[in-house]
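What the coordinates show
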Amino acid sequence: MDRTSRRFGQFELRLLKDGIFEAFSKVLTHTAGAEARQAAIAALGRRAFSIDVNCFALRGPDGPMLIDAGTGTAWGEALGHARAALVAEGLSAGEIRRVLVTHLHGDHALGLFDGDEPYFPQAEIWVPRADFAFFTDAQARASLPKARQGGFDIAERLLRLYDGHVRLIDPGEILPGIELHALPGHTPGHCGYLIRGEPESAMLWGDAVHLADLQAADPDIGLEYDLDRAIAAATRRNVLAQSAREGWLVSGGHIHGFGRVRSSGSGFEIAPT
Ligand SMILES: [Zn+2]
């Protein structure tokens, strides 16, 4: 087993890298205001940065599943490679029984679609109820700029293309050995998945952390993509603290590989493992 494949309880977990996302440092935010934001940009030390985009394959007693689905063909050639990674893993789209979604942003959910067809024809799509409620709320849509409305289109397309095969899920145990954890802020219903194992479990925290070094050291650093920055920062600090306390292995939508969290000064460190 290479370092991207791990066993937790009854599940074998494999990170599928969808590609690389590039952004400018000006998307950084800080809950303490403009000066702290400038300090965070200076600490990043470059005008632009690249982060991995990941999803995960999970083999278990009920057949193969995914956690998130990557970008599909929607975000250009630097992305969309999770589909080939799935095939390299020996799995076809038609074999996937469930896709567990962390939140309804394009780099996590557009891979569910193949134009006007479902890309996973046999799959049930499990979506955190609070995220689905937000992204189907017309008033919420109207309150946001166009560039932040993609999730509403995704929710609409999900209902249309997976008609009758969308299941809304709430925090707690959703399957034996898998827990849904509410991690609000990035989006209102954003969630992580905990895969229970002995002696260690894996927390896949979606977009709670995008920049492992910077945001672990100072969880108040956010990105413009966080819809509620104060709640996202509090969530980030909580999930980092809990991961350190519980000894969870961590990964997510934008972490490189797997890591382990430990306290460091007023913040945390994520050591690759
Ligand atoms: Zn996101």
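First, a word on scope: everything that follows refers to the structure included in this document. (Residues numbered from 1 in each chain as written. Predicted model: local features only at pLDDT ≥ 70, side-chain atom pairs only at ≥ 80, totals over all residues. Heavy atoms only, no water.)

What to know about the overall build of the chain
For the chain, the helix and strand inventory stands at eight helices and 18 strands. Taken against the 2.2 N^0.38 rule, which gives 19 Å for 273 residues, the C-alpha radius of gyration of the chain at 18 Å falls within 12% of a compact globule. Projected onto the principal axes, the alpha-carbon positions of the chain cover approximately 50 × 45 × 35 Å. Relative to its full complement of 273 residues, the chain shows a buried share of 53%. Taking all contacts inside the chain whose residues are at least 6 apart in sequence as the whole, residues at least 24 apart take part in 68%. About 11700 Å² of surface is accessible on the chain, with carbon and sulfur atoms providing 51% of the total. (Helix = DSSP H or I, 4+ residues; strand = E, 2+ residues; numbered from the N terminus. Rg over C-alpha atoms; globule rule 2.2 N^0.38 Å. Buried < 20%, exposed > 50% of the residue type's maximum accessible area, 1.4 Å probe, protein only. Contact = heavy atoms within 4.5 Å. Areas by Shrake-Rupley, 256 points an atom, 1.4 Å probe, with all protein chains shown as cover.)

Overview of the coordination of the zinc ion
As a benchmark, a tetrahedral metal site with four donors has ideal angles of 109.5 degrees, while an octahedral site with six donors has ideal angles of 90 or 180 degrees. Every protein donor of the zinc ion is accounted for by His103 (NE2), His105 (ND1), His186 (NE2) and Asp207 (OD), and the metal-donor separations fall at 2.1 to 2.3 Å. Coordination at the zinc ion is irregular, judged from the four donor atoms that bind it and the angles of 88 to 174° they form at the metal. Counting gaps between the donor residues of the zinc ion yields the pattern H-x1-H-x80-H-x20-D. Of this pair, His105 sits in the loop between β6 (98–100) and α3 (106–109) while His186 sits in the loop between β12 (178–182) and β13 (191–195); the two residues are 81 residues apart in sequence, bridging distant segments of the chain. Looking at His105, the relative accessible area reads 18%, which means it is buried. For His186, a relative accessible area of 3% puts it in the buried group. (Donors = N, O, S within 2.8 Å, 3.2 Å for Na, K, Ca; no water. Tetrahedral: all angles 85-135°; square planar, octahedral: opposite > 155°, others 65-115°.)

Describing unusual backbone geometry
A cis amide bond, omega 5°, links Glu198 with the succeeding residue Pro199. Inspection of the secondary structure assignment puts Pro199 in the loop between β13 and β14 (202–204). Although it is not a glycine, Asp68 sits at a positive phi angle of roughly 65°. One can find Asp68 in the loop between β5 (65–67) and α2 (82–88). Accessibility expressed as a relative area gives 3% for Asp68, which makes it buried.

Here's the deal with the packing of aromatic side chains
Aromatic ring pairs are reported here in terms of the distance separating the ring centres and the angle at which the planes meet. Scanning the model with the defined rule gives eight aromatic pairs in all. With 6.0 Å between their ring centres and 75° between their planes, Phe21 and Tyr225 make a pair best called edge-to-face. With Phe21 in strand β2 (residues 11–24) and Tyr225 in the loop between β15 (221–223) and α8 (229–246), this pair connects stretches of sequence that are 204 residues apart. What links up through ring pairs into an aromatic cluster is the set Phe21, Trp75 and Tyr225. Taking the ring centre of Tyr119 as reference, the NZ or CZ of Arg83 above it sits at 3.5 Å. (Phe/Tyr/Trp six-rings, centres within 6.5 Å; stacked < 30°, edge-to-face > 60°. Lys NZ or Arg CZ within 6 Å of the ring centre and 35° of its normal.)

Overview of the layout of surface pockets
Picture a little ball the size of a water molecule; that probe, rolled over the atoms, points out where space is still empty. Its volume calculated, the largest pocket comes out at about 430 Å³. Lining the largest pocket are 23 residues, with Trp75, His105, Gly106, Asp107 and Ala147 sitting closest to its centre. Broken down by secondary-structure element, the contributors of at least two residues to the lining of the largest pocket are α3 and α6 (150–161). Looking at the lining of the largest pocket element by element, the count peaks at five residues for α6. Of the residues assigned to the lining of the largest pocket, the class counts are ten nonpolar, seven polar and six charged. Computed from the structure, the second largest pocket encloses a volume of approximately 340 Å³. For the second largest pocket, the lining is made up of 20 residues, of which His210, Leu211, Ala212, Asp213 and His256 are closest to its centre. Looking at the lining of the second largest pocket, the elements with two or more residues in it are α1 (34–44), β4 (48–59), α7 (212–217) and β18 (267–272). (1 Å grid on protein atoms, 1.4 Å probe; cavity = no way out; pocket = protein on both sides within 12 Å on 5 of 7 lines; lining within 4 Å. Points joined across faces, edges and corners; volume = space filled by probe spheres on them. Nonpolar A, V, L, I, M, F, W, Y, C, P; charged D, E, K, R; others polar.)

Describing the sheet that holds strand β16 (residues 249–251)
Ordered by their spatial adjacency, seven strands build an open sheet running β11-β12-β13-β14-β16-β17-β18, and the pairing between neighbours is mixed. Two strands lie at the open edges of the sheet, namely β11 (172–175) and β18, each paired on one side alone. Adjacent strand axes in the sheet meet at a mean angle of 35° when their direction is disregarded. Bridge count between strand β17 (residues 259–264) and β18: six bridges; the pairing is antiparallel. Note on β18: the bridge partner recorded for Arg260 is Ala271. Strands in contact with α8 are β12, β14, β16, β17 and β18; relative to β17, the strand with the most contacts, it is inclined by about 105°. (Pairing = 2+ DSSP bridges. Axes fitted to C-alpha atoms, helices over the stretch in contact; angles between N-to-C directions.)

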